[in-house]
Amino acid sequence: MEPEPGANGTVVTEFILLGLVETPGLLPVVFVLFLFAYLVTVGGNLSILAAILVEPKLHTPMYFFLGNLSVLDIGCITVTVPSMLGRLLTHKRAIPYGACLTQLFFFHQLAGVDCFLLTAMAYDRFLAICRPLTYSTHMSLMVQRILVAVSWACAFTNALTHTVAISTLNFCGPNVINHFYCDLPQLFQLSCSSTQLNELLLFALGILMAGAPVILIVTSYIHVAAAVLRIRSVEGRKKAFSTCGSHLTVVGIFYGTGVFSYMRLGSVEASDKDKGIGILNTVISPMLNPLIYSLRNPDVQGALRRVLMGKRALA
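Residues numbered from 1 in each chain as written. Predicted model: local features only at pLDDT ≥ 70, side-chain atom pairs only at ≥ 80, totals over all residues. Heavy atoms only, no water.

Draft legend 1. Seen up close, the overall build of the chain. The secondary structure content of the chain amounts to 10 helices and 3 strands. Beginning at the N terminus, the succession of helices and strands in the chain can be written as β-α-α-β-α-α-α-β-α-α-α-α-α. Taking 315 residues into account, the globule formula puts the C-alpha radius of gyration at 20 Å, and the chain, at 21 Å, falls close to it. By principal-axis analysis of the C-alpha atoms, the chain measures approximately 70 × 40 × 30 Å. (Helix = DSSP H or I, 4+ residues; strand = E, 2+ residues; numbered from the N terminus. Rg over C-alpha atoms; globule rule 2.2 N^0.38 Å.)

Structural data, given as structure tokens:
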């Protein structure tokens, strides 16, 4: 039941997620499309994970990070899509206040790790191409584990900070969210309290969580590009650029959608554009990642063929 706007003492205990479409005839189509996208994403990323585990050629730092990225992609889509499918099946659009904040926390936790992991992958490419002689020392298994652990710790701090900050806001009026999952910009619009500090916090942490990694990624690739251009053989250049092209495509999609989602807090009403960006962020990006990384990589393709055929590569 939606509380009356401005009713004294009324506290919102649940939110109503409008979802992607309100036309009843389109709901089955949306359900089938998103169920298909979810299964393809989970299947694709599990296949990449299996290929990395069974193929000795892929037991390298780059694929260690890629394996972690596949786990994150499965997590990101699992946080948003299954609950949306459940609401479509039951025709219930309400989500309890606690469940909404839990979804928000896990989404920001996983997306935050993604930010740092993509940076670690850029650093790995920088070391492999620009510092090949010291690569094995600077990117040892211990260093890889530390980079992943620090990524999780920083993302946890960011997600917890936002969740605690939004839990201090009062929600006493409208409780309808024009989206298919709970996120900060949409909740800011519904709060009865001032969200100025929360928006400032989102901007400041956004600079740390996204701005700093982008600067590090760009810096790494400027050095990589300079090193690759010094390679005389065309074949050598192609090989070096091919390992970077997939990563840069994923970085572009991830950060492009992120900027549109969180740097437009001036807009008062959520629109269909926000939903479209949300689909790109939570569904399309995790679904495309396995395809992007395997499309131009013969080692991954060979390993995937062996996984699908049930054969294990000889060490």
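Now that the structure is up, let's keep going.
Draft legend 2. Broad picture of the state of the cysteines. In this structure the tally under the stated criterion is 2 disulfides. The side chain of Cys 100 participates in a disulfide bridge whose partner is Cys 182; the two sulfur atoms lie 2.0 Å from each other. Torsion about the S-S bond of the Cys 100 and Cys 182 cystine: about -120°, corresponding to left-handed handedness. In this pair, Cys 100 is assigned in helix H3 (residues 97–130) and Cys 182 in the loop between strand S3 (176–177) and helix H6 (184–190), connecting sequence segments 82 residues apart. (Disulfide = S-S within 2.5 Å.)

Draft legend 3. A look at the packing of helix H5 (residues 141–167) against helix H7 (residues 196–229). The geometry of H5 relative to H7 is characterised by a closest axis approach of 11 Å and an angle of 175° between their N-to-C directions. In terms of axis orientation, H5 runs roughly antiparallel to H7. Of the residues in H7, those touching H5 at Cys 154, Ala 155, Asn 158, Thr 161, His 162, Ala 165 and Ile 166 are Asn 198, Leu 201, Leu 202, Leu 205 and Met 209. Grouping the constituent residues of the contact of H5 with H7 by class yields 8 nonpolar, 4 polar and no charged. (Axes fitted to C-alpha atoms, helices over the stretch in contact; angles between N-to-C directions. Parallel < 35°, antiparallel > 145°, perpendicular 65-115°, else oblique. Contact = heavy atoms within 4.5 Å. Nonpolar A, V, L, I, M, F, W, Y, C, P; charged D, E, K, R; others polar.)

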